[in-house]
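Below are the chains, spelled out letter by letter.
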Amino acid sequence: PRPFFCSSHCTKGPTCRSAQARMDDFEKAIRVIFTQDPSITPAVREQATNYCDAIKARPDCWSFCWEQFSQRDCMEVRFWCLQALPPTVVKISVDQRRDLRSRVLTWMRDRAPAVQEDVVLRNKIALVYVALLKTDYPCDWPSAWTDLIALLEKGPNLVDLFLRVLTTFDQEVVSDEVPRSPEERQRSHVIKHAMREGDVLRLAECWFAILGTFRQSAPQLVMECLKTIGAFVVWVEILTIANEKFLGAIYGLISEGGPAAGEACDCLGAVISKKMPAGKKVQMLQQLQIMRCLGEHCIHRGSADLQLIEKEAELFNTVGEVVLEAYVELRVMTDSESARLAQAAWDFVKEVMVFVFWFFSHQEYQIGDSVEAFLTAFFARLKSFVRGGEGDLRLDEPGPCHTVDLDQVRPILQQTLQLIIQRLAYPDWFQHGDPNYEDDERHITFLEFRRSLTKIFKRIFLVDEEMGYMFIQASISQLTQGFASVRPMEVEAVLHLYKETGEIVKDVSQHLQANGALATSFVRLLECEALLNVDHWLVQLALIDVYVRYGKIFVVHPEFVPTYGQRVLQGFIGPRGIHSQDRRVVTRACYMFSRFVKMLKKQIAPFAADIYEALKDLLAVQFIPSSLLPVQASGG
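In this text the structure is predicted, and so the values were computed from the model without any measurement.

Engineer: Any chance you could explain the overall build of the protein chain here in plain terms?
Structural biologist: Along the protein chain, the regular secondary structure elements total 33 helices and 0 strands. The C-alpha atoms of the protein chain give 35 Å as radius of gyration, which overshoots the globular expectation for 636 residues (26 Å, by more than 25%). In the protein chain, of all internal contacts separated by at least 6 residues, the share reaching a separation of at least 24 is 72%. Carbon and sulfur atoms form 51% of the exposed surface of the protein chain, whose accessible area is close to 31400 Å². Across the protein chain, the centroid of the 70 positively charged side chains sits 3 Å from that of the 80 negatively charged ones.

Engineer: What should I look at first to understand the packing of aromatic side chains in this one?
Structural biologist: Any pair of aromatic rings gets described here by the distance separating the centres and the angle formed by the planes. Scanning all chains against the criterion turns up 40 aromatic pairs. Centroid distance Y327 to W346: 5.3 Å. Interplanar angle 45 degrees. Geometry classified as tilted. Separated by 19 residues along the polypeptide, Y327 in helix α17 (residues 306-331) and W346 in helix α18 (residues 336-360) bring together distant segments of the chain. Side by side, Y327 and W346 carry an identical accessibility label, which is buried.

Engineer: How should I be thinking about the side chain of T416 in this particular structure?
Structural biologist: Examined against the element boundaries, T416 turns out to sit in helix α21 (residues 406-423). Every residue in contact with T416, bar those within four places of it in the chain, is listed here: F357, F379, I456 and I460.

Engineer: Can you walk me through the nonpolar core in this structure?
Structural biologist: A general feature of soluble globular proteins is that nonpolar side chains tend to end up buried together. With 227 residues, the main nonpolar core has M108, F162, F169 and W207 as its most contacted residues. Once residues lying within four places of it in the same chain are set aside, the contact partners of W207 are F162, L166, C225, T228, I229, F232, I241 and F246.

Engineer: Help me understand helix α7 (residues 119-136) in this model?
Structural biologist: An α-helical turn contains 3.6 residues, so any two residues separated by three or four positions project in the same direction. With 18 residues, α7 extends 26 Å from end C-alpha to end C-alpha; this agrees with the ideal 26 Å at 1.5 Å per step. Buried within α7 we find L121, R122, K124, I125, A126, V128, Y129, V130, A131, L132, L133 and D136. Packed against the buried residues of α7 are α4 (61-71), α5 (75-89), α6 (94-110), α8 (144-149), α9 (156-174) and α10 (182-196). The backbone nitrogen of V120 has a side-chain oxygen 3.1 Å away, supplied by the residue at the start of α7, namely D118.

Engineer: It is not clear to me how a nonpolar patch on the surface should be interpreted in this structure. Could you clarify?
Structural biologist: A cluster of nonpolar residues, I624, L628 and L629, forms a patch on the protein surface that exposes about 300 Å² of accessible area. With a relative accessible area of 44%, L629 lands in the partly exposed category.

Engineer: Quick question: what am I supposed to make of unusual backbone geometry here?
Structural biologist: With an omega of 0 degrees, the peptide bond running from Y137 to P138 counts as cis. Position of P138 relative to the elements: it lies in the loop between α7 and α8. Non-glycine residue Q289 carries a positive phi angle of around 50 degrees. By the element assignment, Q289 lies in the loop between α15 (278-287) and α16 (290-297). In this structure, N515 is a non-glycine residue whose phi angle is positive, near 55 degrees. When its relative accessible area of 42% is taken as the criterion, N515 is described as partly exposed.

Engineer: Help me out: how do you make sense of the packing of helix α2 (residues 25-34) against helix α3 (residues 42-56) in this one?
Structural biologist: Relative orientation and spacing of two packed helices are given, respectively, by the angle between their axes and the distance between those axes. Between α2 and α3, the shortest axis-to-axis distance is 9 Å and the interhelical angle comes to 125 degrees. The angle between α2 and α3 falls in the class oblique. For the element pair α2 and α3, the recorded crossing hand is left-handed. Across from D25, F26, A29, I30, V32 and I33 in α2, the residues of α3 making contact are V44, R45, A48, T49, Y51, C52 and I55.

Engineer: Hey, could you run me through the environment of M353 in this one?
Structural biologist: In this fold, M353 is placed in helix α18. As a C-alpha pair, M353 and G262 span 91 residues in sequence and 21 Å in three-dimensional space. Beyond its immediate sequence surroundings of up to four residues, M353 is in contact with F374, L375, F378 and I412.

Engineer: Is there a simple way to think about the environment of A126 in this case?
Structural biologist: By the secondary structure assignment, A126 is in helix α7. Of the residues examined, A126 reaches a relative accessible area of 0% and is grouped as buried. A sequence separation of 37 residues divides A126 from L163, and the C-alpha atoms of the two residues are 8.9 Å apart.

Engineer: What's the story with the pattern of salt bridges in this structure? I'm lost.
Structural biologist: Here the idea is simple: oppositely charged side chains can pair when their charged atoms come close. According to the stated counting rule, one finds 38 salt bridges in the structure shown. Residues D464 and R410 are paired through a salt bridge, measuring 2.6 Å at the closest nitrogen-oxygen approach. Highlighted residues: D464 in the loop between α22 (441-463) and α23 (465-481) and R410 in helix α21, separated in sequence by 54 residues. Since its relative accessible area comes to 26%, R410 is described here as partly exposed. Close ionic contact of R584 with D582 constitutes a salt bridge, the shortest N to O distance being 2.9 Å.

Engineer: Any chance you could explain the state of the cysteines here in plain terms?
Structural biologist: Each disulfide is one covalent bond, formed between the sulfur atoms of two cysteines. By the definition in use, this model includes 0 disulfides. C61 takes part in no disulfide bond, and the closest cysteine sulfur, belonging to C65, lies 3.7 Å away. This cysteine, C298, is not joined by any disulfide, and C265 carries the nearest cysteine sulfur, 6.0 Å off. Residue C298 is classed as buried on the basis of its relative accessible area of 0%.

Engineer: Would you mind going over the environment of R187 with me for this structure?
Structural biologist: Of note, R187 is situated in helix α10. Residues R187 and L417 lie 230 residues apart in sequence; the distance between their C-alpha atoms is 53 Å. Those residues in contact with R187 that lie beyond four places of it in its chain are L133, K134, T135, D136, Y137 and P138. A distance of 2.9 Å separates the side chain of R187 from the backbone oxygen of K134, its partner in a polar contact.

Reading the values: the criteria
- Residues numbered from 1 in each chain as written.
- Predicted model: local features only at pLDDT ≥ 70, side-chain atom pairs only at ≥ 80, totals over all residues.
- Heavy atoms only, no water.
- Helix = DSSP H or I, 4+ residues; strand = E, 2+ residues; numbered from the N terminus.
- Rg over C-alpha atoms; globule rule 2.2 N^0.38 Å.
- Contact = heavy atoms within 4.5 Å.
- Areas by Shrake-Rupley, 256 points an atom, 1.4 Å probe, with all protein chains shown as cover.
- Lys, Arg positive; Asp, Glu negative; His and termini not counted.
- Charge placed at Lys NZ, Arg CZ, Asp CG, Glu CD.
- Phe/Tyr/Trp six-rings, centres within 6.5 Å; stacked < 30°, edge-to-face > 60°.
- Buried < 20%, exposed > 50% of the residue type's maximum accessible area, 1.4 Å probe, protein only.
- Core = buried A, V, L, I, M, F, W, Y, C linked by side-chain atoms within 4.5 Å.
- Expected span 1.5 Å × (residues − 1).
- Polar contact = N/O pair within 3.5 Å; in protein donor to acceptor, adjacent residues only side chain to side chain.
- Patch = residues over 30% accessible without salt bridge, like charges linked within 9 Å, V, L, I, M, F, W, Y side chains within 5 Å.
- Salt bridge = Lys/Arg side-chain N within 4 Å of Asp/Glu carboxyl O.
- Axes fitted to C-alpha atoms, helices over the stretch in contact; angles between N-to-C directions.
- Parallel < 35°, antiparallel > 145°, perpendicular 65-115°, else oblique.
- Left-handed = near helix turned anticlockwise from the far one by under 90°.
- Disulfide = S-S within 2.5 Å.

Encoded structure:
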């Protein structure tokens, strides 16, 4: 074939042609396929592609490609050859596959220990090995795994290849995240069944050895090994990993806080969250003394490594979700053994909550956000756990085998409420209303976290309304009494929860008329002049929302109008409302004042003159003589 890298009309001179002379047509074709050189014409690229396709169609493509990979130095050629091999594996004969895997193993034994190939080549080698294993294991190649394991003594390069083969095997054969045909799923089942008979235990021994041997000298290998364990634990016998010896190694990695600690947290989370019957899961966690071990090894309270603490928070969140799901499943059963295990699961929930609260109270919001999912799931279901809170049971339907008293969960509710009001406050770095941060991931995540906290607050209120009222009342009282020492962001957090409480109450007007906790709190706010006169725009917005939410108090208690009506109106029409220097306050105050007026037309009628006087400067329309108006072009 004609040369592919340039035509006979190439203007690059002797240098280019001498380079061509050192390349045969195969290498030239590969280089044309991979190059981004715009001088290569479409016709030349097509010719190169056809040339390479012809090689793929050759009966000896598998042999040719392996030889070229082994003998060439050109990166592109070696990559192309390895990439071409996996599709040919299923087409060649059993004897040819035996020959190919012999060559691959020989290369691994003789070449790989001394030369660290590029990452893309190592991945392709792993793909070739898995393609052969997927086709011939276990019938025609029962030693596929032991052949690979035998090479590990050759050093770190082989350990790296071993782990890449395992990762590729998971992606190509096992993982449920990859769509597969019925035939592929059946083949995967056959391979996994065969591996469970012995090879899985051999692999596990290798994993354990890697964790111990390379934890100091090559932590990256340890991290990759932990990822592999996390992937395989989904389908291997759980006790292969969930035993004192193996978990001890993982705990040790977390406790050390080294480079592999984060991956160790993920791996341990995968072990704990493995799918199994709830009763069996609880028994396993009891046997492993999981809470004691987690408390001793998996929480670095004094560490400045936020990434590690976040990983540990995610681990405890996983544990919480697992034991919560087990409790939910066990408590609805009716036998005595399920009742016993349900109690054990509930004990786990209470134990993990202690650790979750520590993470939830961390000054960095992303740490608290890492345990939000468990807290949300817990409080979404808590009402049904409390004795008498089942609600939907028919008279002839047996109740759950395990419930809890409200007094048992009140300490959890109280501590959660206290932490919510702390975590709800905007952090100092938050940029309000800045378009440059609208799509900032950190800002978006915090806003989602704040919404989740509000939902948890409402869930707690539904579980124990009395505690909810007492908490809000106490929060407002503390705010007004110690206002001088409270930061504006904390003031806004209290006002936000107070406003949201009004959305939970079924009949706000009835509650206000009865002088409930929300009514007395509203009056307390209006009596705090320092709060009403605050200059921070965010607090001003929060007060405006509160005025509208609880404005009906002036309908059911008209006697409040003479005393407090003017104060509320000033919040709308004064310098901290419509006349504010902050446009964000002005815009909100205008909209909310219209709602306030519609709600209280009769009650604010006596203040009409005051309102007009305050707003007349905004109502005036400057007269502009027509002679001063710009001339508009007439239509043509």
